[in-house]
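Results of the structural survey
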Amino acid sequence: MLKCKEIVEKSSDFVDGQLTLKGKIDFYWHIFMCVHCRRFLRQLRLMLSSMPYLDEKELTDNEVELIMQRVKENKPE
Amino acid sequence: MAAKSSDVNEAAVSALIAQDEKAFRQLVKSYHLQLKKLASSIVGDVVAEEVVQEAWLSIFTNLPNFERRSSLKTWIYRITANKAISRLRRESKSIAFSEIKARGSDDDDDFDAHFDDTGSWQKPPWTWQENDPAKLLTGKELQNCIERVLGRLPQLQEAVFMLNDIEGKTAQEICNILELSASNMRVLLHRARLKLFDHIDHFQETGEC
Ligand SMILES: [Zn+2]
């Protein structure tokens, strides 16, 4: 049976669907038995699905204006 | 959230190729901060802004030659990454880029401390209070914490994590943008995820970063 440490090592490949069928079966068997790894995996997935919600800011119009000026100044004619 | 993974629409791409100023302005507005994050993950905060400015000039100049072989978004990321990489080369002349890339993969495995000698958990993850992905990161403190952790990741771990898990780019696009092999990219991504997990876990347990 896989060790907990190995489950963690393979966890990214598992959530990204990169394990072989055999790898998946071994993985499932361990997390079926192990409450800690189950929790690790659930929270890893939670973390990954929460990432797109990280604050995404846009530039203000003034900041855009400054960049546009530089681009225009340096533009090869 | 949808805006992040979606690309520039067809009409806008055509306008951009024609170097339409209004369309370019919108492109700058939408992507500048994302490009700056990418640049800063490669060359560091101090020169990131300068690198992206340089990239914008190059993007604008080269737009008429954009051949739609990749998406426009991948193309502008690629140009920015290239600018950042050549800046890095200039500033550390003695270091090959391959060496810099390797640095990200041989750093410490903090996460090992969670396991005993037999490979079982000795410090299992804390049970997090929040189950809703839309709410997990709403706290300003945790958000700041994550930004700090991301900023401290080795070069390229941060870039890979950002492009893959925040921006939702494909593995192929990321390897293309950062000149990485697929297996190297997987290693960098996994390490970044574990480090972030560790910090969120610690935050859930203690309320501190
Ligand atoms: Zn386990």
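The structure reproduced in this document is the subject of the present report. Since the model is a prediction, treat every value here as computed from it, not as a measurement. All residue numbers refer to positions counted from 1 along the written sequence of the respective chain. Note on labels: chains are lettered from A, ligands numbered from 1, in written order. This being a predicted model, a pLDDT of at least 70 is required before a residue's local features are given, and a value of 80 or more before pairs of side-chain atoms are given or counted; all residues contribute to the totals for chains, interfaces and linings. Heavy atoms throughout the structure, all of them, feed into the side-chain values; hydrogens and water do not.

1. Details of the overall build of chain B
Check the secondary structure of chain B and you find 11 helices and 0 strands. Under the scheme used here, helices are H or I runs from DSSP no shorter than 4 residues and strands are E runs no shorter than 2 residues, and both carry numbers assigned from the N terminus. Taken from N to C terminus, the helices and strands of chain B fall in the order α-α-α-α-α-α-α-α-α-α-α. Only protein chains enter the area calculation, which uses a 1.4 Å probe; residues under 20% of their type maximum are buried, those over 50% are exposed, and those in between are partly exposed. Looking at chain B residue by residue over its 209 residues, the buried ones come to 49%. In what follows, a contact means two residues having at least one pair of non-hydrogen atoms within 4.5 Å. Counting contacts in chain B only where the partners sit at least 6 residues apart, residues at least 24 apart contribute 70% of the total. Note on areas: Shrake-Rupley with a 1.4 Å probe; residue coverage comes only from the protein chains shown. If you sum the accessible surface of chain B, you get close to 9,700 Å²; carbon and sulfur atoms cover 50% of it.

2. Here we look at the coordination of the zinc ion
Residues and elements named next belong to chain A. Metal-coordinating donors are taken as N, O and S atoms lying within 2.8 Å of the metal, or within 3.2 Å when the metal is Na, K or Ca; because water is left out, some sites can appear incomplete. With distances of 2.0 to 2.4 Å, the protein atoms coordinating the zinc ion are Cys4 (SG), His30 (NE2), Cys34 (SG) and Cys37 (SG). Square planar and octahedral sites, with four and six donors, are those where opposite donors lie more than 155 degrees apart and all other angles lie between 65 and 115, tetrahedral sites have four donors with every angle between 85 and 135 degrees, and the rest are irregular. Bound by 4 donor atoms, the zinc ion shows angles of 100 to 114° at the metal and therefore tetrahedral coordination geometry. Coordination of the zinc ion draws on donor residues from a single chain, spaced C-x25-H-x3-C-x2-C in sequence. Placement of Cys4 in helix α1 (residues 4-15) and of Cys37 in helix α3 (residues 35-50) is noted, with a sequence separation of 33 residues between them. Residue Cys4 is classed as buried on the basis of its relative accessible area of 9%. What makes Cys37 buried here is its relative accessible area of 0%.

3. Concerning the interface of chain A and chain B
Counting residues at the interface gives 44 residues for chain A and 52 residues for chain B. Once two parts are brought into contact, the accessible area they lose, counted with a 1.4 Å probe and summed over both, makes up the buried area. Interface area for chain A against chain B, summed over the two sides, is near 4,600 Å², with a carbon-plus-sulfur share of 64%. Salt bridge, as used here, is a side-chain nitrogen of Lys or Arg placed within 4 Å of a carboxyl oxygen of Asp or Glu. Taken together, the connections running from chain A to chain B amount to 7 salt bridges. In this structure, B:Lys29 engages A:Asp61 in a salt bridge whose closest nitrogen and oxygen atoms are separated by 3.2 Å. Counted as a polar contact is a pair of N or O atoms within 3.5 Å, where, for protein atoms, one must be capable of donating a hydrogen and the other of accepting one, and residues adjacent in sequence contribute only when both atoms are in side chains. Run the count over chain A and chain B and you get 19 residue pairs in polar contact (both at pLDDT 80 or more). Breaking the side of chain A that touches chain B down by element, the ones donating at least two residues are α1, α3 and α4 (61-74) of chain A. If one sorts the elements of the side of chain A that touches chain B by residue count, α3(A) sits on top with 12 residues.

4. Side note on the nonpolar core
Throughout, nonpolar core names a set of buried Ala, Val, Leu, Ile, Met, Phe, Trp, Tyr and Cys residues whose side chains join them through atoms within 4.5 Å. In terms of nonpolar packing, the biggest core is built from 89 residues, with A:Met51, B:Phe24, B:Trp56, B:Leu72 and B:Leu178 touching the most fellow members. Domain boundaries shown here were taken from an automatic or database domain assignment. A domain-level breakdown of this core finds at least three residues from each of domain 1 (10-90) and domain 2 (97-206) of chain B.

5. Topic: the packing of aromatic side chains
Centres within 6.5 Å make a pair out of two Phe, Tyr or Trp rings, where for Trp the six-membered ring is used; the pair is then stacked when the planes are under 30 degrees apart, edge-to-face when over 60, and tilted otherwise. Applying the stated criterion to the full structure yields 14 aromatic pairs over all chains. One aromatic cluster is present, built from ring pairs that chain together A:Phe40, B:Phe111, B:Phe115, B:Trp121, B:Trp128 and B:Phe197. Two thresholds decide whether a charge sits over a ring: the Lys NZ or Arg CZ must be within 6 Å of the ring centre and within 35 degrees of the ring normal. Lying across the ring of B:Tyr77, B:Lys169 places its NZ or CZ 4.6 Å from the centre.

6. Thoughts on the pattern of salt bridges
Counted under the stated rule, the structure contains 18 salt bridges over all chains. Among the ionic pairs, A:Asp16 bridges to B:Arg193, the shortest N-O distance being 3.1 Å. Here A:Asp16, found in the loop between α1 and α2 (21-33), pairs with B:Arg193, found in helix α11 (residues 182-206), and the two come from separate chains. B:Lys123 is the partner of B:Glu205 in a salt bridge, and the nearest nitrogen-oxygen pair spans 3.4 Å. Here the residue B:Glu205 occupies a position in helix α11, and B:Lys123 occupies one in the loop between α6 (97-103) and α7 (133-136), the gap between them amounting to 82 residues. Looking at B:Lys123, the relative accessible area reads 39%, which means it is partly exposed.

7. Details of the packing of helix α3 (residues 21-43) of chain B against helix α9 (residues 157-166) of chain B
Residues and elements named next belong to chain B. A fitted line through C-alpha atoms serves as each axis, taken over the contacting stretch for helices, and the angle formed by two N-to-C directions is quoted from 0 to 180°. It is at 8 Å that the axes of α3 and α9 come closest, and there the two elements cross at 155°. Taken together, the axes of α3 and α9 are roughly antiparallel relative to one another. Relative to α9, α3 is oriented so that their crossing is left-handed. Contact with α3, carried on its side by Gln34, Lys37, Leu38 and Ser41, involves Glu158, Ala159, Met162 and Leu163 of α9 and no other residues of that element. When residue character is reported, Ala, Val, Leu, Ile, Met, Phe, Trp, Tyr, Cys and Pro are called nonpolar, Asp, Glu, Lys and Arg charged, and the others, Gly included, polar. Within the contact of α3 with α9, the residues separate by chemical class into 4 nonpolar, 2 polar and 2 charged. Any angle that falls under 35 degrees is termed roughly parallel, while one over 145 is termed roughly antiparallel, one within 65 to 115 roughly perpendicular, and all others oblique. It is the rotation of the near helix from the far one that decides the hand of a crossing: anticlockwise by less than a right angle makes it left-handed, clockwise makes it right-handed.

8. Observations regarding the state of the cysteines
Residues and elements named next belong to chain B. Defined by distance alone, a disulfide is two cysteine sulfur atoms within 2.5 Å. Following the criterion strictly, the structure yields 1 disulfide over all chains and no others. A disulfide bridge connects Cys145 with Cys209, and the sulfur atoms are separated by 2.1 Å. Between Cys145 and Cys209, the disulfide has an S-S torsion of 75° and is therefore right-handed. On the criterion of sequence distance, the pair formed by Cys145 in helix α8 (residues 140-152) and Cys209 in the segment after α11 is long-range, its members being 64 residues apart.

9. Regarding the packing of helix α4 (residues 45-62) of chain B against helix α5 (residues 72-91) of chain B
Residue and element names in this part refer to chain B. Axis separation between α4 and α5 bottoms out at 9 Å; the angle between their running directions is 130°. As the angle between them shows, α4 and α5 are arranged oblique. In the packing of α4 onto α5, the handedness of the crossing is right-handed. For the pair α4 and α5, the contacting residues are Val47, Glu50, Val51, Val52, Glu54, Ala55, Ser58, Ile59 and Asn62 in the first and Trp75, Ile76, Ile79, Thr80, Lys83, Ala84, Arg87, Arg90 and Glu91 in the second. Classifying every residue of the contact of α4 with α5 by side-chain character gives 9 nonpolar, 3 polar and 6 charged.

Everything listed is a geometric property; what it means functionally is a separate question.
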